[in-house]
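# Examining the three-dimensional arrangement
Chain by chain, the residues run as shown.
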Amino acid sequence: MTAAAAEIVLSPECELARKPGYDEVHDLCRQTADIPLPHGRGILLQHRCGCACHFS
């Protein structure tokens with residue numbers, strides 16, 4: 001596994017959607033954007049889901 005692949009973090013919904021029979025769960029993922037901490041100077045409360053389904 002490469003370093004870039006190790007850094008990809010999936011939301012719980014997209015992680016579940018990787019299992020057979022749960023393909024439709026991708027639609028429930030709401031982590032489509034980074035959520036910054038107010039006045040946090042770049043600190044994130046929640047990272048964007050790294051799943052490829054959000055890039056298309």
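The rules behind the values
- Residues numbered from 1 in each chain as written.
- Predicted model: local features only at pLDDT ≥ 70, side-chain atom pairs only at ≥ 80, totals over all residues.
- Heavy atoms only, no water.
- Helix = DSSP H or I, 4+ residues; strand = E, 2+ residues; numbered from the N terminus.
- Buried < 20%, exposed > 50% of the residue type's maximum accessible area, 1.4 Å probe, protein only.
- Contact = heavy atoms within 4.5 Å.
- Areas by Shrake-Rupley, 256 points an atom, 1.4 Å probe, with all protein chains shown as cover.
- Polar contact = N/O pair within 3.5 Å; in protein donor to acceptor, adjacent residues only side chain to side chain.

Helix and strand content of the protein: 2 helices and 2 strands. Reading the helices (α) and strands (β) of the protein from amino to carboxyl end gives α-α-β-β. Residues counted as buried form 18% of the 56 residues belonging to the protein. Taking as baseline every contact in the protein between residues at least 6 positions apart, the subset at least 24 positions apart corresponds to 28%. For the protein, the accessible area works out to roughly 4600 Å², and carbon and sulfur atoms hold 57% of it.

Inspection of the secondary structure assignment puts Ser11 in the loop between helix 1 (3-6) and helix 2 (12-17). A polar contact is formed between the side chain of Ser11 and the backbone nitrogen of Cys14, at a distance of 3.2 Å. Among all residues touching Ser11, those that are not within four sequence positions of it are Cys29, Gln31 and Cys49.

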